[in-house]
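Chains, contacts and geometry: an overview
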Amino acid sequence: DAPHEEINGAGNLMDFLDEPFPDVGTYEDFHTIDWLREKSRDTDRHRKITCKSKESIWEFIKSLLDAWSGWLVMLLIGLLSGTLAGVIDLAVDWMTDLKEGVCLSALWYSHEQCCWTSNETTFADRDKCPQWQKWAELMTGYTEGAGVYVLNYFLYVLWALFFSFLAVSLVRVFAPYACGSGIPEIKTILSGFIIRGYLGKWTLLIKTVTLVLAVSSGLSLGKEGPLVHVACCCGNLFCSLFSKYSKNEGKRREVLSAAAAAGVSVAFGAPIGGVLFSLEEVSYYFPLKTLWRSFFAALVAAFTLRSINPFGNNRLVLFYVEYHTPWYMAELVPFILLGVFGGLWGTLFIRCNIAWCRRRKTTRLGKYPVLEVIVVTGITAVLAFPNPYTRRSTSELISELFNDCGALESSQLCDYINNPNMTRPVDDIPDRPAGPGVYSALWQLALALVFKIVITIFTFGMKIPSGLFIPSMAVGAIAGRIVGIAVEQMAYHHHDWIIFKNWCRPGADCVTPGLYAMVGAAACLGGVTRMTVSLVVIMFELTGGLEYIVPLMAAAVTSKWVADAFGKEGIYEAHIQLNGYPYLDQDEFTHRTLATDVMRPRRNEPPLALLTQDSTTVEDVETLIKDTDYNGFPVVVSRESERLIGFVQRRDLILAIKSARQKQDGVVSNSVVHFTEDAPQIPASNPQPLKLRRILNLSPFTVTDHTPMETVVDIFRKLGLRQCLVTRSGRLLGIITKKDVLRHMAHMMNQDPESIMFN
C-alpha cells in the first residue's frame, strides 16, 4: 500500500514517528488556507475510515458516527442559534420599553406584555393600562404637562446613553472582534482566510450581550447581520467537538456556510431565504451537500425560534401582513420608481459610509471609539424622541408601515375620513380621503426619512454590533409608504383619469399603501447589499405576501441595476476592500497580463528561496526559516538543474525539525535533510540524516510562465489555491501567492496594492 500512498503526496513514511506530529497541516493566523490540500486530506481520512470499517463492528459503528456527525453539528447549531435569537428578541423588547417606563405588575414584562395581562385594557387603547407607568408618572404622579415631557425626554436619552456606553465598553475590553455586522469578515473567512478568535467563545458571548444593548439603545442599527456572526460562532463552537471539522479548515468552512443560513433564518424567520442568502451573499464554496445541510440547520433554527415564540403572535415572521387586494399593472411604475430610489440610496449610503469609515481609520477619530458611540447615541436619542416614528424601535416602525389599515387600526396613519353611510363588510374598506392625522403622519415620516438616511451613515461601522438590514428597510419602508399614500389619494381624487379608470372605481379598495412600503424596503435593502434572489424570498417569507413576488422582483432588479451603474460592489465588498482583507471576488479579470508579470522573484529581486532534495543541512533550513518569512519553500533536485519536486509548508518544516530534535537521537545541526524516498548510503562518521518526505507535497499546483493571468485568477478562485509555482519546461522560475494575485488586481485597478492586509 505504501507506494500507492506515496503518489498521493502524503507518504506514510516517517522515520521518527508513526503518526504525524501535532499541528501538522495547520495554518497561522491571518493566512489563507489551501482548499486543494484540505480536500485531499479529507479524502484520505475518509478512505482510511472506510477501510477500517470492514475490520470490526466497533469500527463500523465509528464510521457511521463519523458520517452522521455533520447532521448532528447542524442540529446543535440550529438549536443554539434559535435559542440565542429568541433570548435576544425578548431582551431587546423589554429593554427598548425600559427607556420609556416600567411595568409595575412584573418588572420583566415589556409594555405590550404588561398590557396584555391587564384586565383594564380596552381594545381602542391597547397600549394604555394602569400597570404600565412612564418614568415621570412614576416619579411625580402627573401624566400630562411640559415638566413630565421634559423628564421623560431626559430619562429616555439617559437610558440610551447608558446602554450604548455599556455595549461599547464590553466590546472594547473583552472582545474587540464583536463590533460591526460581521458579514464582511465572515465572507472573508469563508473564502479561506483565517482570523483566529473571530468566531471564538468570548466573541459569541460578548456579541450576544452587546447586540441587545446596542439595539435597545435606539441607535439606527439592526440585529440581523450580527445574528449571522452569532450563528457562525455557534458553528465554530460545535466544530471543535468533532475532529473531522476541527482538524480540517475546508470542512469547517462548509459548516460555517450552513451556520450563516441558520443565522438569517432566525434573524428574519425566513429559513429558505437564509439558505439562499448563504448561497448568494456569503459563501465562497457551496457544494450540494452543504445546501441540504444548510436547509436542515435553517429549519431547526426556525423551529426552535418558533417554540420560544418571542413575538408572542404564534408566528415566526417579523412583520406579518394580510393584504386582501390584488395589485394592478399600472402600479409597476411607482414600484420601479421605488427601485430607482433604492438603488440611489444604496449608492449614496455606500459612498458616504465608506468615506466616513476611512476617515475613522486615518484620522484621530478612530482613537476615541467610546466617545464616538456616546456622541452618536446622544444625537440619535435627542433627535428621535420628539418624533413618534423614530422614538420606538425600528422593527416596530417597519411593522406599522407595512400594515394595512383595517377597521380596528388605531394608528395615526389610518386616520382617514369615513363615509357615514358606508354599509360594507369590515375587511374590504374602500379608498377614502386622508384625514388630518394622515397629513401630520406624512410630515413626521418625511422628517424620519431624512433623519434615518443621515444617521445610519454614521452609525454603521462603529465599535458596537450593528446590522444594516433593518435601517435600510426602514428607509425604504418610509419612502414607500409616503409614495403609497400619494398614489392612493391620487386614485381617490382622480378616478376618472385614464390610468385609474380601468382598475379603480369609486367605492373600491384599489391601492394598498402597505404594499408600497414593502416594495420600498426590498428596493433599499437590495441597493445596499446587491442581493436579488435571496432578498425577494426573504421579503415574502418575512411578510407572508406571496402574490406580491412580481412587484418585489421588479423593485429588486431595478435597484440592483441602478446601484450597479454607479459602482459594482455592495456594502460588504466595500468594507472588505476598506479593511484590506485578501478576498478574491467573483468579478471577471479582463487585463492581458501573463503569469510571468506577476510571479516573484521579479527581475531585480534576489533569487527564490529553495530547498534541495538531498543536500541541505538542518542548519541551512533553520537559517532559511529565520531569514525569510515565506509561507513555504519549493523543493528542487539540485540548485544547478532546478527541476521541481514538490513544495513544503514553512509551519510543517518548523514543527518537524523541532519534533525531530526532541525525539530522534543523532539529529544535529549538520544532519542532512532529504526528501527522497530512500536514504543515500552515508559513511558511519556522518551524523544521522533527517527524512522529511512525509511533509512534502508532491503535487504542488504549477503553471507555465506564459499562462494568461485571467486563467491564473480563475484557478485561484475556483480551486481556492494558496500559492502556485511557475515553471518553464520543468525548471522552476518563481511563485505566485494569493496575495500577489490580489496585489496585481489592485494595481491594475489603480488602487494602492499595499492596502491588502499582509502579515
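These numbers were taken from a predicted model, which means no experiment stands behind them.

1. Considerations on the overall build of the chain
Within the chain, the regular secondary structure consists of 29 helices and 12 strands. Seen through its principal axes, the chain has C-alpha atoms that stretch 110 × 60 × 55 Å. Buried residues in the chain amount to 54% of all 759 residues. When the accessible surface of the chain is summed, it comes to about 34200 Å², and 61% of that surface belongs to carbon and sulfur atoms. On the chain, the mean spot of the 70 positive side-chain charges and the mean spot of the 74 negative ones are 4 Å from each other.

2. A closer look at a nonpolar patch on the surface
Taken together, the side chains of Ile57, Trp58, Phe60, Ile61, Leu64, Leu65 and Trp68 make up a nonpolar region of the molecular surface, amounting to roughly 810 Å² of accessible area. In this fold, leucine 64 is placed in helix α3 (residues 57–98). Classification of leucine 64 as partly exposed rests on a relative accessible area of 43%.

3. What about the state of the cysteines?
Across all of its chains, the model carries 1 disulfide by this definition. Each sulfur in the disulfide pair cysteine 103 and cysteine 114 lies 2.0 Å from the other. Because the torsion about its S-S bond is 80 degrees, the bridge between cysteine 103 and cysteine 114 counts as right-handed. Residue cysteine 103 is found in strand β1 (residues 101–103), and its partner cysteine 114 is found in helix α4 (residues 111–116); the two are separated by 11 residues along the sequence. Among the residues examined, cysteine 103 registers a relative accessible area of 0% and is labelled buried. Here cysteine 234 is not cross-linked by a disulfide; its sulfur's nearest cysteine counterpart is in cysteine 233, at 6.9 Å. With no disulfide of its own, cysteine 239 lies 10 Å from the sulfur of cysteine 232, the closest cysteine sulfur.

4. Remarks on the nonpolar core
Counting residues in each nonpolar core, the largest one holds 135 residues, and the members touching the most others are Phe402, Met473 and Met539. Ignoring any residue separated from it by four or fewer positions in sequence, one finds phenylalanine 402 in contact with Phe319, Val321, Tyr323, Met473, Ala477, Arg481, Gly514, Ala517, Met518, Ala521, Met539 and Thr543. In this structure, Ile576, Val598, Phe716 and Leu721 belong to the second largest nonpolar core, which totals 22 residues.

5. Describing the domain arrangement of the chain
According to the domain assignment, the chain consists of domain 1 (331–397 + 446–578) and domain 2 (595–749). A straight line from the C-alpha centre of domain 1 to that of domain 2 covers 52 Å.

6. Focus on the packing of aromatic side chains
Inspection of every chain in the model, using the stated rule, returns 21 aromatic pairs. Ring centres of tryptophan 35 and tyrosine 285 lie 5.3 Å apart, and the angle between their planes is 55 degrees; this geometry places the pair in the tilted category. Placement of tryptophan 35 in helix α2 (residues 35–53) and of tyrosine 285 in the loop between α12 (271–282) and α13 (288–308) is noted, with a sequence separation of 250 residues between them. Pairing tryptophan 345 with phenylalanine 349 gives two aromatic rings, centres 5.2 Å apart and planes at 45 degrees, and the pair type is tilted. Of this pair, tryptophan 345 and phenylalanine 349 both sit in helix α14 (residues 332–362), 4 residues apart, roughly one helical turn. Relative accessible area serves as the criterion here: at 0%, phenylalanine 349 is assigned to the buried category. In textbook terms, an aromatic cluster arises when at least three aromatic residues are bridged by ring pairs, as seen for Trp135, Trp159, Phe162 and Phe163. Over the ring of tryptophan 71 we find arginine 293, and its NZ or CZ is 5.3 Å from the ring centre. One cation-aromatic arrangement involves arginine 391 over phenylalanine 385; the distance from NZ or CZ to the ring centre is 4.1 Å.

7. Quick look at the sheet that holds strand β6 (residues 644–649)
If you walk across this open sheet you meet the 4 strands as β3-β5-β6-β9, and the pairing is mixed. The sheet terminates laterally at β3 (611–612) and β9 (696–697), the two strands that pair on one side only. The sheet contact formed by β6 and β9 spans 2 bridges and is antiparallel. By the bridge assignment, valine 648 is partnered in β9 with leucine 696. Relative to β6, helix α27 (residues 650–663) is tilted by about 75 degrees, and along the sheet it contacts β3, β5 (632–636) and β6.

8. Examining the pairing of strand β11 (residues 723–728)
Burial analysis of β11 places 5 of its 6 residues in the buried class, the great majority of the element. A crossover connection joins strand β10 (residues 702–704) to the parallel β11 through helix α28 (residues 709–719); in handedness this β-α-β unit is right-handed. Judged from the 6 bridges that link them, β11 and strand β12 (residues 731–737) form a sheet pairing that is antiparallel. Opposite threonine 727, over in β12, you have leucine 732 as the bridge partner. Hairpin geometry of β11 and β12 is characterised by an intervening segment of 2 residues between the two adjacent antiparallel strands and by a positive phi of about 40 degrees at serine 729.

9. As for the environment of methionine 473
Tracing the backbone through its elements, the reader meets methionine 473 in helix α19 (residues 469–493). Looking at methionine 473, the relative accessible area reads 0%, which means it is buried. When the C-alpha positions of methionine 473 and glycine 526 are compared, they lie 9.3 Å apart, and in sequence the two are 53 residues distant. If near-sequence neighbours (up to four positions away) are discounted, methionine 473 is found in contact with Phe268, Phe319, Ile398, Phe402, Ala521, Leu525, Met539 and Leu542.

10. Re the side chain of glutamate 59
Here glutamate 59 shows up in helix α3. Apart from residues no more than four positions distant in its own chain, glutamate 59 is found in contact with Lys52 and Ser53.

11. Overview of unusual backbone geometry
Following arginine 600, the chain continues to proline 601 via a peptide bond in cis, the omega torsion being -5 degrees. Unusually for a residue other than glycine, phenylalanine 30 sits at a positive phi of about 60 degrees. Secondary-structure assignment places phenylalanine 30 in the loop between α1 (2–7) and α2. Of note, the phi angle at glutamate 642 is positive, near 55 degrees, even though the residue is not glycine. Following the sequence through the fold, glutamate 642 ends up in the loop between β5 and β6.

12. Digging into α2
With 19 residues, α2 extends 27 Å between its outermost C-alpha atoms, agreeing within 8% with the 27 Å of an ideal straight helix rising 1.5 Å per residue. Those residues of α2 that fall on the buried side of the exposure criterion are Trp35, Arg37, Glu38, Asp42, Asp44 and Ser53. Against α3, α7 (183–190), α11 (249–268), β6, α27 and α28 lie the buried residues of α2.

Calculation rules
Residues numbered from 1 in each chain as written. Predicted model: local features only at pLDDT ≥ 70, side-chain atom pairs only at ≥ 80, totals over all residues. Heavy atoms only, no water. Helix = DSSP H or I, 4+ residues; strand = E, 2+ residues; numbered from the N terminus. Buried < 20%, exposed > 50% of the residue type's maximum accessible area, 1.4 Å probe, protein only. Areas by Shrake-Rupley, 256 points an atom, 1.4 Å probe, with all protein chains shown as cover. Lys, Arg positive; Asp, Glu negative; His and termini not counted. Charge placed at Lys NZ, Arg CZ, Asp CG, Glu CD. Patch = residues over 30% accessible without salt bridge, like charges linked within 9 Å, V, L, I, M, F, W, Y side chains within 5 Å. Salt bridge = Lys/Arg side-chain N within 4 Å of Asp/Glu carboxyl O. Disulfide = S-S within 2.5 Å. Core = buried A, V, L, I, M, F, W, Y, C linked by side-chain atoms within 4.5 Å. Contact = heavy atoms within 4.5 Å. Domains from an automatic or database assignment. Phe/Tyr/Trp six-rings, centres within 6.5 Å; stacked < 30°, edge-to-face > 60°. Lys NZ or Arg CZ within 6 Å of the ring centre and 35° of its normal. Pairing = 2+ DSSP bridges. Axes fitted to C-alpha atoms, helices over the stretch in contact; angles between N-to-C directions. Right-handed = clockwise from strand over helix to strand, strands pointing away. Expected span 1.5 Å × (residues − 1).

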